[in-house]
Amino acid sequence: MKQKLAAFTTFRQGDSANPVEAARAEVVLDTADALRANDIPCLTVFTDTEPDSVATLIERGMHMRPQREPGSVHARREALIAALEEFPDAEYFLWLEPEKPGIPPLAQKLLAQMERDHAELGLFNRTSMESYPQEQAYYYLFCRTVASKLLTMDIDYAFGPMIVARSAAHYFLDYDIGTSGHQWDALLVPRLLMIKEGRPVTILP
């Protein structure tokens, strides 16, 4: 049976004494388990991670590749390229951050909606901001309000997770990140290019 949906993400273990990085190193295990439970293989590009942690993620079903170029924007692009190679039968690719174990259970639902709508890009609209610090929640709500007015659709534009069809992966691979390698431009701007060119997009609350 061919694998229709595969995932790609990045991981950096970092300093175990840093509470944020320590928490992420724990939560990524939940994400790996959620991906495996939902039958979604995942390619993970990693850096600054201890060998035993890499081995643990492999045991949890992750396909691990070391990062070649520094910077998060390069890591995401490397992960997509590697996923396209690692899962040649996959038609769709799920991007998610390693600390989002709640996304895999929703991915198959979004994929079904994409197939029904013949969409090449699938996005999620958050229904709650309760888990975010107030200033971060207001920032995301501002982005959503502006984007929704400009694009005339309710779109949670700044939310990272998405599913992109193999046929549209080039939008994310060809985007010129320039010399600065802006962290999120290479993930968010190609979405606008797809919408501008009329490529079919679907959104799941």
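Our structure is the block above this text.
Residues numbered from 1 in each chain as written. Predicted model: local features only at pLDDT ≥ 70, side-chain atom pairs only at ≥ 80, totals over all residues. Heavy atoms only, no water.

(A) A look at the packing of aromatic side chains. Enumeration according to the criterion identifies 3 aromatic pairs in this entry. Ring geometry for Phe8 against Trp95: centres 5.4 Å apart, planes inclined by 50°, an arrangement best described as tilted. Taken together, the residues span a long stretch of sequence, with Phe8 in strand S1 (residues 5-12) and Trp95 in strand S4 (residues 92-95) at a distance of 87 residues. For the pair Phe8 and Trp95, one class covers both residues: buried. Each ring, one from Tyr139 and one from Tyr140, has its centre 5.5 Å from the other, and the planes form 50°; the classification is tilted. By relative accessible area, which is 47% here, Tyr139 ends up partly exposed. (Phe/Tyr/Trp six-rings, centres within 6.5 Å; stacked < 30°, edge-to-face > 60°. Helix = DSSP H or I, 4+ residues; strand = E, 2+ residues; numbered from the N terminus. Buried < 20%, exposed > 50% of the residue type's maximum accessible area, 1.4 Å probe, protein only.)

(B) Structural context of the environment of Arg116. In this fold, Arg116 is placed in helix H4 (residues 104-117). Overall, Arg116 belongs to the exposed group, its relative accessible area being 58%. C-alpha of Arg116 to C-alpha of Thr202: the two residues are 86 residues apart in sequence and 9.6 Å apart in space.

(C) Spotlight on the nonpolar core. The biggest cluster of nonpolar side chains holds 30 residues, and the ones touching the most others in it are Phe8, Phe87, Phe93, Leu121, Met162 and Phe172. Taken together, the elements giving at least two residues each to this core come down to S1, strand S2 (42-47), helix H3 (72-86), S4, strand S5 (121-124), strand S6 (162-165), helix H6 (170-174) and helix H7 (185-196). With 6 residues, the top contributor of residues to this core is H3. Counting 28 residues, the second largest nonpolar core, distinct from the first, contains Val28, Phe46, Met64 and Ala165. (Core = buried A, V, L, I, M, F, W, Y, C linked by side-chain atoms within 4.5 Å.)

(D) Representation of the pattern of salt bridges in the model. Tallied over the full model, the rule gives 14 salt bridges. For Lys4, the salt bridge is made with Glu115, and the minimal N-O distance between the two is 2.9 Å. Here Lys4, found in the segment before S1, pairs with Glu115, found in helix H4; they are 111 residues apart in sequence, far enough to count as distant. For Lys4, a relative accessible area of 34% gives the class partly exposed. The salt bridge involving Arg144 is made with Asp154; its shortest N-O contact spans 2.9 Å. Taken together, the positions of Arg144 in helix H5 (residues 134-151) and Asp154 in the loop between H5 and S6 put the pair 10 residues apart, joining distant regions of the chain. With a relative accessible area of 43%, Asp154 lands in the partly exposed category. Sharing partners across several salt bridges, the network here consists of Arg126, Arg144, Asp154 and Asp156. (Salt bridge = Lys/Arg side-chain N within 4 Å of Asp/Glu carboxyl O.)

(E) Main features of the sheet that holds strand S7 (residues 201-204). Taken in spatial order, the 7 strands make up an open sheet running S3-S2-S1-S4-S6-S5-S7, and their pairing is mixed. Looking along the sheet, the strands with just one partner apiece sit at the ends: strand S3 (62-66) and S7. Strand after strand, the sheet turns through a mean of 20° between neighbouring axes, direction not considered. Summarising the sheet, S1 and S2 pair through 6 bridges and their orientation is parallel. By the bridge assignment, Ala7 is partnered in S2 with Cys42. With respect to the sheet, helix H2 (residues 51-59) is in contact with S1, S2 and S3, its orientation differing from that of S3 by roughly 145°. H7 rests against S4, S5, S6 and S7 of the sheet, and its axis sits at about 120° to S5. (Pairing = 2+ DSSP bridges. Axes fitted to C-alpha atoms, helices over the stretch in contact; angles between N-to-C directions. Contact = heavy atoms within 4.5 Å.)

Keep in mind these values describe shape, not function.
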